[in-house]
Amino acid sequence: ILNVEQSPQSLHVQEGDSTNFTCSFPSSNFYALHWYRWETAKSPEALFVMTLNGDEKKKGRISATLNTKEGYSYLYIKGSQPEDSATYLCAFIGTASKLTFGTGTRLQVTL
Amino acid sequence: NAGVTQTPKFQVLKTGQSMTLQCAQDMNHNSMYWYRQDPGMGLRLIYYSASEGTTDKGEVPNGYNVSRLNKREFSLRLESAAPSQTSVYFCASRGFYSYEQYFGPGTRLTVT
């Protein structure tokens, strides 16, 4: 069983704060890393797919970086808004078909 | 395009009962997956099907069977439900050239 860990488990920030969280994964047999955003009572939605060491992806106020040599990825949210409240999941792909998910970071943004 | 659909949305079973969770996708995806989501555990892969006609075990296959009926449909069967199978079940699919998985809305199953 692969070890994909996310930290922190949960996070409470105020509107306007910037924040970041970490996903760590095995550095060998890397194929790709996904970040998903998962709102309560909905299904996970893909944010980023990252494949290359040094990859940086951005979508609006959310960005992610990837370090495959040391086995970690950071997700950053700039100027958090209440609508950013969700669980953020990372998923490691070591083979072409299967994802191994981390347990997620639950973000709550309050006014 | 409906994407990935799952039925039913909610189900309550008694211990020992059987049921089948249905999943269908209309995106012509090759790979389909069944996950369960439990508090503090994230999403865990039960079974997956890399292509029509093939199925493989994931991380937590015990107590489940699957059928890849055709390219569109992938069902998950609980032959004799147990309280430990109380969970939210998600189906997902993925196209051949994409890593991204698309998820269905989930089925909330309670076994009493």
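Residues numbered from 1 in each chain as written. Chains lettered and ligands numbered in written order. Predicted model: local features only at pLDDT ≥ 70, side-chain atom pairs only at ≥ 80, totals over all residues. Heavy atoms only, no water.

(A) Up close: the overall build of chain A. Along chain A, the regular secondary structure elements total zero helices and eleven strands. Starting at the N terminus and walking to the C terminus, you meet the elements of chain A as β-β-β-β-β-β-β-β-β-β-β. Since a compact globule built from 111 residues should have a radius of gyration of about 13 Å, the 13 Å found for chain A is in line with a globular shape. Projected onto its principal axes, the C-alpha coordinates of chain A cover approximately 40 × 30 × 20 Å. Per-residue burial over chain A gives 46% buried out of 111 residues. Long-range contacts, defined as pairs at least 24 residues apart, comprise 54% of the intrachain contacts of chain A with a sequence gap of at least 6. Of the roughly 5,600 Å² of accessible surface on chain A, 45% is carried by carbon and sulfur atoms. Separation of charge centres in chain A, based on 10 positive and 10 negative side chains, amounts to 5 Å. (Helix = DSSP H or I, 4+ residues; strand = E, 2+ residues; numbered from the N terminus. Rg over C-alpha atoms; globule rule 2.2 N^0.38 Å. Buried < 20%, exposed > 50% of the residue type's maximum accessible area, 1.4 Å probe, protein only. Contact = heavy atoms within 4.5 Å. Areas by Shrake-Rupley, 256 points an atom, 1.4 Å probe, with all protein chains shown as cover. Lys, Arg positive; Asp, Glu negative; His and termini not counted. Charge placed at Lys NZ, Arg CZ, Asp CG, Glu CD.)

(B) Main features of the pattern of salt bridges. Taken as a whole, this structure holds six salt bridges over all chains when the rule is applied. In this structure, Glu39(A) and Lys42(A) form a salt bridge, with 3.9 Å as the shortest nitrogen-oxygen distance. Overall, the relative accessible area of 26% leaves Glu39(A) in the partly exposed class. On the accessibility criterion, Lys42(A) (46% relative accessible area) is partly exposed. Residue Arg77(B) is joined to Glu79(B) by a salt bridge in which the shortest nitrogen-to-oxygen separation is 3.1 Å. Overall, the relative accessible area of 29% leaves Arg77(B) in the partly exposed class. Through salt bridges that share partners, Arg37(A), Glu39(A) and Lys42(A) make up one connected network. (Salt bridge = Lys/Arg side-chain N within 4 Å of Asp/Glu carboxyl O.)

(C) Quick look at the interface of chain A and chain B. Tallying the contact residues gives 21 residues for chain A and 20 residues for chain B. Summing the contributions of chain A and of chain B, the shared interface buries around 1,600 Å²; its carbon and sulfur component is 66%. Applying the counting criterion to the chain A and chain B interface returns zero salt bridges. Counting every contact that joins chain A to chain B gives two residue pairs in polar contact (both at pLDDT 80 or more). Of all the secondary structure elements, the ones that give two or more residues to the side of chain A that touches chain B are β4 (32-38), β5 (45-50), β9 (86-93) and β10 (99-101) of chain A. Of the residues belonging to the side of chain A that touches chain B, the class tally is 13 nonpolar, six polar and two charged. (Buried area = accessible area lost by both parts, 1.4 Å probe. Polar contact = N/O pair within 3.5 Å; in protein donor to acceptor, adjacent residues only side chain to side chain. Nonpolar A, V, L, I, M, F, W, Y, C, P; charged D, E, K, R; others polar.)

(D) Examining the state of the cysteines more closely. Residue and element names in this part refer to chain A. Under the counting rule described, the total for this entry stands at two disulfides over all chains. Between Cys-23 and Cys-90 runs a disulfide, and the two sulfur atoms are separated by 2.0 Å. The S-S bond linking Cys-23 to Cys-90 shows a torsion near 75 degrees; that makes this disulfide right-handed. Residue Cys-23 is located in strand β3 (residues 19-24), and its partner Cys-90 is located in strand β9; the two are separated by 67 residues in the primary sequence. (Disulfide = S-S within 2.5 Å.)

(E) Just the side chain of Ser80(A), in detail. Residues and elements named next belong to chain A. Here Ser-80 shows up in the loop between β8 (72-77) and β9. Judged by its relative accessible area of 0%, Ser-80 is buried. Not counting residues up to four positions away in its chain, the partners in contact with Ser-80 are Val-13, Gln-14, Glu-15, Gly-16, Asp-17, Ser-18, Thr-19, Arg-61 and Val-109.

(F) Summary view of the sheet that holds β3(A). All names here are of chain A. Spatially, five strands are ordered β1-β3-β8-β7-β6 in an open sheet, and the strand pairing comes out antiparallel. The outermost strands of the open sheet, each flanked by one partner alone, are β1 (5-7) and β6 (56-59). Each strand of the sheet is rotated relative to its neighbour by a mean of 15 degrees, with strand direction disregarded. (Pairing = 2+ DSSP bridges. Axes fitted to C-alpha atoms, helices over the stretch in contact; angles between N-to-C directions.)

(G) Here's a closer look at the environment of Pro105(B). Along the chain, Pro105(B) falls in the loop between β10 (102-103) and β11 (107-111). Beyond its immediate sequence surroundings of up to four residues, Pro105(B) is in contact with Ser43(A), Val4(B), Thr5(B), Gln6(B) and Phe90(B).

These results come straight from atomic positions and should not be treated as a statement about function.
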